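As a plain string of letters, each chain reads:
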Amino acid sequence: MPIDAAKALAAEPRSAEIAWDHKDIQLYHLGLGAGVPATDPDELRYTLESKLHVLPSFATVAGAGMGVVGGLSAPGIEVNLAAVLHGGQSITLHRPIPVKGAAVTTSKVAAVYDKGKAAILVLRSEVADAEGPLWTSDAQIFVRGEGGFGGERGPSTRLPAPEGEPDKTVERPVREEQALLYRLSGDWNPLHADPEFAKLAGFDRPILHGLCTYGMTLKAVVDTVLGGDVSRVRGYSTRFTGIVFPGETLRIRMWRSEGRVHVAVTAVERDDAPVLADTIVEHA
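Bear in mind that the values here come from a model prediction, so they are computed numbers and not experimental data. (Residues numbered from 1 in each chain as written. Predicted model: local features only at pLDDT ≥ 70, side-chain atom pairs only at ≥ 80, totals over all residues. Heavy atoms only, no water.)

Quick look at the pattern of salt bridges now. Scanning the entire structure with this criterion turns up 14 salt bridges. For the salt bridge of R175 with E177, the shortest nitrogen-to-oxygen distance reads 2.8 Å. Exposure remark for E177: the relative accessible area of 37% places this residue in the partly exposed category. R260 serves as the salt-bridge partner of E282, at 3.6 Å between the closest nitrogen and oxygen. You can see E282 sitting in strand 10 (residues 273–283) and its partner R260 sitting in strand 9 (residues 260–267), a full 22 residues away along the chain. (Salt bridge = Lys/Arg side-chain N within 4 Å of Asp/Glu carboxyl O. Buried < 20%, exposed > 50% of the residue type's maximum accessible area, 1.4 Å probe, protein only. Helix = DSSP H or I, 4+ residues; strand = E, 2+ residues; numbered from the N terminus.)

In this section: the layout of surface pockets. Once rolled over the atoms, a probe with the size of a water molecule shows which space is left empty. Counted as a void, the second largest pocket has a volume near 220 Å³. Contributing elements (two or more residues each) for the lining of the second largest pocket: strand 6 (168–173) and helix 7 (210–225). Considering every element that reaches the lining of the second largest pocket, the biggest residue donor is helix 7, with 4 residues. A per-class count over the lining of the second largest pocket returns 6 nonpolar, 2 polar and 5 charged. (1 Å grid on protein atoms, 1.4 Å probe; cavity = no way out; pocket = protein on both sides within 12 Å on 5 of 7 lines; lining within 4 Å. Points joined across faces, edges and corners; volume = space filled by probe spheres on them. Nonpolar A, V, L, I, M, F, W, Y, C, P; charged D, E, K, R; others polar.)

Here we take up the nonpolar core. Among the nonpolar cores identified, the biggest contains 51 residues, and W20, F58, W135 and M254 are the most heavily contacted of them. At 9 residues, the largest contribution of residues to this core is made by helix 7. Core analysis: the next-biggest nonpolar cluster, separate from the first, contains 16 residues, A5, L72, V79 and V112 among them. (Core = buried A, V, L, I, M, F, W, Y, C linked by side-chain atoms within 4.5 Å.)

Next up on the list: the sheet that holds strand 5 (residues 132–144). With respect to topology, 10 strands assemble into an open sheet ordered 1-3-4-5-2-7-10-9-8-6, the strand pairing being antiparallel. Looking along the sheet, the strands with just one partner apiece sit at the ends: strand 1 (14–20) and strand 6. In this sheet, neighbouring strand axes are inclined to one another by 20° on average, regardless of whether the strands run parallel or antiparallel. Taken together, the 7 bridges between strand 1 and strand 3 (residues 101–114) define a ladder with antiparallel strand orientation. If you follow S15 over to strand 3, its bridge partner there is T106. Set on the sheet, helix 7 makes contact with strand 2 (84–93), strand 6, strand 7 (233–240), strand 8 (249–257), strand 9 and strand 10; between it and strand 8 the angle comes to about 50°. (Pairing = 2+ DSSP bridges. Axes fitted to C-alpha atoms, helices over the stretch in contact; angles between N-to-C directions. Contact = heavy atoms within 4.5 Å.)

Further remarks concern the side chain of S137. Within the element layout of this structure, S137 appears in strand 5. Exposure remark for S137: the relative accessible area of 10% places this residue in the buried category. Side-chain polar atoms of S137 contact the side chain of Q89, separated by 2.8 Å. With residues near it in sequence (within four places) discarded, S137 still touches Q89, S90, I91, L123, R124 and S125. (Polar contact = N/O pair within 3.5 Å; in protein donor to acceptor, adjacent residues only side chain to side chain.)

What follows is about helix 7. Along an α-helix, residues three or four positions apart point the same way, because every turn accommodates 3.6 residues. Its 16 residues place the ends of helix 7 23 Å apart at the C-alpha level, agreeing with the 22 Å of an ideal helix rising 1.5 Å per residue. Of all the 16 residues making up helix 7, 13 are buried; the element is thus mostly covered by neighbouring parts of the structure. Phi turns positive, to about 65°, at G227, one or two residues after helix 7. (Expected span 1.5 Å × (residues − 1).)

Of note, Y182 is situated in helix 5 (residues 178–182). Classification of Y182 by relative accessible area gives buried; the value is 2%. In this structure, the C-alpha to C-alpha distance between Y182 and Y28, residues 154 residues apart in sequence, is 6.6 Å. Beyond its immediate sequence surroundings of up to four residues, Y182 is in contact with Y28, G31, L32, T60, V61, H209, L211 and C212.

A word on the side chain of T217. The topology assignment puts T217 in helix 7. Taking relative accessible area as the criterion, T217 reaches 0% and is therefore assigned buried. The contact partners of T217, leaving out residues within four places of it in the chain, are Y236, I252, V263, V265 and L276.

To continue, consider helix 2 (residues 22–31). For helix 2, the set of buried residues is I25, Q26, Y28, H29 and G31. Tucked into the core, helix 2 has its buried residues touching strand 1, helix 3 (41–47), helix 5 and helix 7. Downstream of helix 2 by a residue or two, G33 has a phi angle that is positive, lying close to 100°.

Quick look at the structure:
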């Protein structure tokens, strides 16, 4: 059987050492579109080492960790990568991420859910340095054709739609070369760079990384409703619902409530096609 849920869940966690410094942070921020305008003091917090802070979504690229592909090689997991979709992502911050750090990431398959025609794997990474826990990251991986093994269906990830008009709406352009820059932070999938590979995958042209959209969205929330203070972010979760092409524009709608911001992201040029849904930023 391609997925042996019991074996995957019983497997020993795997640990790896990771490290990063200001260059990794700056490259990641530039891959999200930071630095426009280049001399804007608000943007220099993302691009200039003497003023640098760390957007919490950097956790998704900090070091190799187990990652999505690594997680799919865990004991009990044998799947066709062509059937794999990144369904959702969440991060819980235990404290702000330092500009320079060395840590240990411990990764495991935290859950396997049976959705009938598909399976959902939850790949969890817990990261800690010498001072204690830094963050916990969960990637929800949707594997087509691997359900029906009699496992638990798992919790619903759908949230009630926010009521009323959004408190804030901003638009963020995706540069034509942005996927080429973002992939330098570690996701080398040719789907995001090679037109011929993209066509084989069923797309007219290369698409933007979902985690790039994820990071761009968090930056917009931090800059728009959190006063530019990355240390206020406590958690960030989303469900991926659609693709983005380089050159398009993201429309980011935000509804504020006590301690959280509910966000919806669409692609402007494709009649507001959904991109991210059930997106929550929890904050202090």
